[in-house]
Amino acid sequence: MELNRRDLLSVVGGISISGTLINALVKGINSILDLGRSLGTAIRRINSGSICTL
C-alpha cells in the first residue's frame, strides 16, 4: 500500500511497551527491594548487637 504525503502526515503512532522494557523495570524494582531488605537487616543486626567482629 502506498500513501501520499497528506496521508503520511496524518499517521499517528502509539506507545509501544516492549517485553524488554518491562523486564528492565521489573529487574530495577527487584534490585531496589533487595537493597531495602539488606539495609533493613543491617539496621536490625546493629540494633540487636548481633554483629560478627573480626
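Residues numbered from 1 in each chain as written. Predicted model: local features only at pLDDT ≥ 70, side-chain atom pairs only at ≥ 80, totals over all residues. Heavy atoms only, no water.

Here we come to the overall build of the protein chain. Regarding its fold elements, the protein chain presents two helices and zero strands. Expected size for 54 residues packed as a compact globule is a radius of gyration near 10 Å; at 25 Å, the protein chain overshoots this value by more than 25%. Its C-alpha atoms give the protein chain principal-axis dimensions of about 75 × 15 × 15 Å. The buried share among the 54 residues of the protein chain stands at 0%. Total accessible area on the protein chain stands at roughly 5400 Å², and carbon and sulfur atoms take up 63% of it. (Helix = DSSP H or I, 4+ residues; strand = E, 2+ residues; numbered from the N terminus. Rg over C-alpha atoms; globule rule 2.2 N^0.38 Å. Buried < 20%, exposed > 50% of the residue type's maximum accessible area, 1.4 Å probe, protein only. Areas by Shrake-Rupley, 256 points an atom, 1.4 Å probe, with all protein chains shown as cover.)

For helix 2 (residues 19-48), with 30 residues, the first-to-last C-alpha span of 43 Å sits near the 44 Å given by 1.5 Å per residue. Following helix 2 by one or two positions, Gly-49 has its phi on the positive side, about 80°. (Expected span 1.5 Å × (residues − 1).)

In the structure shown here, the tally under the stated rule is one salt bridge. With a closest N to O distance of 2.7 Å, Arg-37 and Asp-34 form a salt bridge. Remark: Asp-34 and Arg-37 occur in helix 2; sequence separation between them is three residues, near one turn of the helix. The exposure class of Arg-37 is exposed, given its relative accessible area of 51%. Residue Asp-34 is classed as partly exposed on the basis of its relative accessible area of 43%. (Salt bridge = Lys/Arg side-chain N within 4 Å of Asp/Glu carboxyl O.)

Once that is clear, we can look at the environment of Cys-52. Examined against the element boundaries, Cys-52 turns out to sit in the segment after helix 2. A residue is classified by how much of its surface remains accessible, and Cys-52, at 71% relative accessible area, is exposed. Along the backbone, Cys-52 and Asp-34 are 18 residues apart, and their C-alpha atoms lie at a distance of 22 Å.

On the surface, a nonpolar cluster with roughly 620 Å² of combined accessible area is contributed by Ile-15, Ile-17, Leu-21, Ile-22, Leu-25 and Val-26. Considering the arrangement of structural elements, one finds Ile-15 in the loop between helix 1 (5-9) and helix 2. (Patch = residues over 30% accessible without salt bridge, like charges linked within 9 Å, V, L, I, M, F, W, Y side chains within 5 Å.)

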